[in-house]
Amino acid sequence: MTAYLTLRDVAKRYGRATALQRIDMDIARGEFLTILGPSGSGKTTLLRILAGLLDPDRGALVLDGQDITRVPTWDRDIGLVFQNYALFPHMNARSNVGFGLDMRGIRGGEAERRIDEALDIVSMRDFGNRRPGELSGGQQQRIAIARAIAIKPRLLLLDEPLSNLDAVLRQSVRVELRELHERTGLTTIMVTHDQVEALTLADRVALMDCGEVLQVDTPEGLYDHPGTAFAASFIGSPPANLLPVAPHEWPGTVSIGGATWRPDGPAARCLSNLDRPARLALRPECLQLVSADAPGAIRGRLKALEYTGGERLAHVEISGAGPDTPALLVRVAKAALETGQTVWLRPDSVTGLYDNDGGASLAVLQSGE
Ligand SMILES: Nc1ncnc2c1ncn2[C@@H]1O[C@H](COP(=O)(O)OP(=O)(O)OP(=O)(O)O)[C@@H](O)[C@H]1O
C-alpha cells in the first residue's frame, strides 16, 4: 500500500498520564479508516493531533509527502466534523458552509458554486436559508459535513459525528456517510466508540486500547482474526467467549476452568500444542448445541435464556468448572430449552487462542518461537 498519510512514533502525555504510547500507522489515499476503542483509549487525542489542535510530544505526521507535524490547523487543508456539529448559531446554513471558503479568500461566484455543490452532496440545498436552530440534529450534522467538504480538504476528520443522533437517524446518516465517501473519494478518518459504526463504515478499523493501536485491519479481519484477547473480547455483540484452558495430564484433553474436556475438530487442532494456561476465543455463533455423544462436546447447564429479538442467547455454565469460569454465551435460533437443563456444546470453529498473561495471540507466539 502506498501511504497517503503516515504517523510515525507519535506519542502524547498529559502531565504524567500517557494518552498515546507509540502510534505507527499508514493510511491509503481515499481510504475510510475508523478509530475504535473504549472510553479513554486515546481516540480523540489522536484525532486532535491529526487535526493540528494538539501537538504530539514526539513523532511525525506526513500527509501526501508533506511533513505536517508542526503545520497549524488552518494550513493543513483538513475538514473537521465534531460530535456537537459546532455550527455558528447566528449564521444560516449557506453562510456556515461558506465559512471555510471565506477564510481561504474564496468568495463571490466560486464560493456560491462550491456551497451549492457541498449542499447538494448532503441533499440540503433547500435548507440553505435556515439557521442551525431551525434544523433537526441530523440536518445540522449534514450542514457540518457540507462545511467540512466545501473546502475540498485533503483529509476529512470526523469525531463521533453520529453520537448525538437517535438510533433510527444514526443508521440512515451512517449509510449517507458511506455514500458520501464513495462519491467524494475523500480520505476519511472517523473516531467512534460504536463498533457497529466502525465495522460498517470502514475500509479498515484501527482498534485502540490504553493509548495504543492494537490492530489495524479490515472489519472482517478484525472480527474473524482478532490479534489480541482484548480485540476478541471487545468486537462482536456479544463479543467472543474467552474460555480459560490449560494443559491436562491426560493426552488429548485440556482443562477448561478446572473441568476436563476432550476437544475435537478445529478446537483440537488449535489446542494440540497447548503448553501454558491460555484463553480460547469462541464466538457465540460458533458454538452449537449437540447430543451428549458428539465428539468434542462440552457438558453444561443452561443458566439463562435471553430473548434478544429474532434469536435467543443461552448462558451455559460448564459442568465441573470453578466459580470464576464465566458462562458461555451461545446463539440459539429456536429450541425447546428450559433453564436448568443439561446441554452439550461443541465449537465448530475457533476465533483465537491467547496468552493468559498480556493477551497476545498464541498462534503468533508459536510462529515466532
Ligand atoms: N486535557 C487532558 N488532561 C489530562 N488528561 C487528559 C486530557 N484529555 C484526555 N486525557 C486523558 O488521556 C486519555 C485519552 O483520552 P482521550 O480523550 O483521547 O480518549 P478517548 O478514547 O477519546 O475517550 P472517549 O471515548 O471517552 O472520548 C484518557 O486517560 C484521558 O483521561
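Just so it is clear, the model here is predicted, and its values are computed rather than measured.

What counts and what doesn't
Residues numbered from 1 in each chain as written. Predicted model: local features only at pLDDT ≥ 70, side-chain atom pairs only at ≥ 80, totals over all residues. Heavy atoms only, no water. 1 Å grid on protein atoms, 1.4 Å probe; cavity = no way out; pocket = protein on both sides within 12 Å on 5 of 7 lines; lining within 4 Å. Points joined across faces, edges and corners; volume = space filled by probe spheres on them. Helix = DSSP H or I, 4+ residues; strand = E, 2+ residues; numbered from the N terminus. Nonpolar A, V, L, I, M, F, W, Y, C, P; charged D, E, K, R; others polar. Phe/Tyr/Trp six-rings, centres within 6.5 Å; stacked < 30°, edge-to-face > 60°. Lys NZ or Arg CZ within 6 Å of the ring centre and 35° of its normal. Core = buried A, V, L, I, M, F, W, Y, C linked by side-chain atoms within 4.5 Å. Buried < 20%, exposed > 50% of the residue type's maximum accessible area, 1.4 Å probe, protein only. Contact = heavy atoms within 4.5 Å. Domains from an automatic or database assignment. Buried area = accessible area lost by both parts, 1.4 Å probe. Salt bridge = Lys/Arg side-chain N within 4 Å of Asp/Glu carboxyl O. Polar contact = N/O pair within 3.5 Å; in protein donor to acceptor, adjacent residues only side chain to side chain.

A.B. asks: Tell me about empty space enclosed by the protein, and name the residues and values.
C.D. replies: Inspection of the entire model under this criterion finds 1 cavity of 30 Å³ or more. When its volume is computed, the largest cavity comes out at roughly 40 Å³. Forming the walls of the largest cavity are Thr-44, Leu-47, Arg-48, Ala-51, Leu-53, Leu-80, Phe-82 and Asp-159. The element contributing the most residues to the lining of the largest cavity is helix α1 (residues 43–51), with 4 residues. Here the lining of the largest cavity is built from residues that sort into 5 nonpolar, 1 polar and 2 charged.

A.B. asks: Lay out the layout of surface pockets in plain terms, naming residues and giving numbers.
C.D. replies: By volume, the largest pocket amounts to about 440 Å³. In this structure, the largest pocket is lined by 16 residues; those nearest its centre are Ile-78, Leu-80, Phe-99, Gly-100 and Arg-104. Those elements that provide at least two residues to the lining of the largest pocket are β6 (78–81), α2 (93–103) and α4 (137–150). Residues that form the lining of the largest pocket fall into these classes: 10 nonpolar, 3 polar and 3 charged.

A.B. asks: An account of the packing of aromatic side chains is requested, with residue identities and associated values reported.
C.D. replies: What the rule picks out here adds up to 2 aromatic pairs. Judged by centre distance (4.7 Å) and plane angle (55°), the ring pair of Phe-88 and Phe-99 falls under tilted. Of the two residues, Phe-88 is situated in the loop between β6 and α2 and Phe-99 in helix α2; the sequence distance between them amounts to 11 residues. A centroid spacing of 5.3 Å and a plane angle of 20° characterise the contact between Phe-230 and Phe-234, whose relative ring orientation is stacked. Taken together, the positions of Phe-230 and Phe-234, both in helix α8 (residues 229–234) and 4 residues apart, correspond to about one turn of that helix. If you follow Arg-283 out to its NZ or CZ, it ends over the ring of Tyr-223, 3.8 Å from the centre.

A.B. asks: Which residues make up the nonpolar core, and what values do they have?
C.D. replies: If you look at the biggest cluster of nonpolar residues, it comprises 33 residues, and the most contacted ones within it are Val-97, Ile-143 and Leu-177. If you list the elements that add at least two residues to this core, you get α2, α3 (108–121), α4, β7 (155–159) and α5 (167–184). With near-sequence residues (within four places) excluded, Leu-177 lies in contact with Phe-32, Ile-145, Leu-158, Pro-161, Leu-162, Met-190 and Leu-201. Of all hydrophobic cores here, the second largest spans 27 residues; its members include Leu-47, Ile-68, Val-191 and Met-208.

A.B. asks: Please set out unusual backbone geometry residue by residue, giving values where relevant.
C.D. replies: The phi angle of most residues is negative, glycine excepted, and most peptide bonds adopt the trans form. Residue Pro-238 is reached from Ser-237 by a cis peptide bond, and omega for that bond is 0°. Phi is positive for Asp-77, which is not a glycine, with a value near 55°. Inspection of the secondary structure puts Asp-77 in the loop between β5 (66–67) and β6.

A.B. asks: Mind laying out the domain arrangement of the protein, listing which residues take part and the relevant values?
C.D. replies: According to the domain assignment, the protein consists of domain 1 (5–232) and domain 2 (243–364). Averaged C-alpha coordinates put domain 1 and domain 2 at centres separated by 40 Å. With 7 residues of domain 1 at the contact, the number on the domain 2 side is 9 residues. Both faces combined, the contact of domain 1 with domain 2 buries some 620 Å², and carbon together with sulfur accounts for 46% of it. Sorting the residues of domain 1 by area buried against domain 2 places Tyr-223, Ala-229 and Ala-232 first, and these three jointly supply 63% of that buried surface. Put simply, domain 1 and domain 2 have 0 salt bridges between them. Linking domain 1 to domain 2 there are 4 residue pairs in polar contact (both at pLDDT 80 or more). When residues of the side of domain 1 that touches domain 2 are traced back to their parent elements, those giving at least two are α7 (219–224) and α8. Among the residues forming the side of domain 1 that touches domain 2, the class breakdown is 4 nonpolar, 2 polar and 1 charged.

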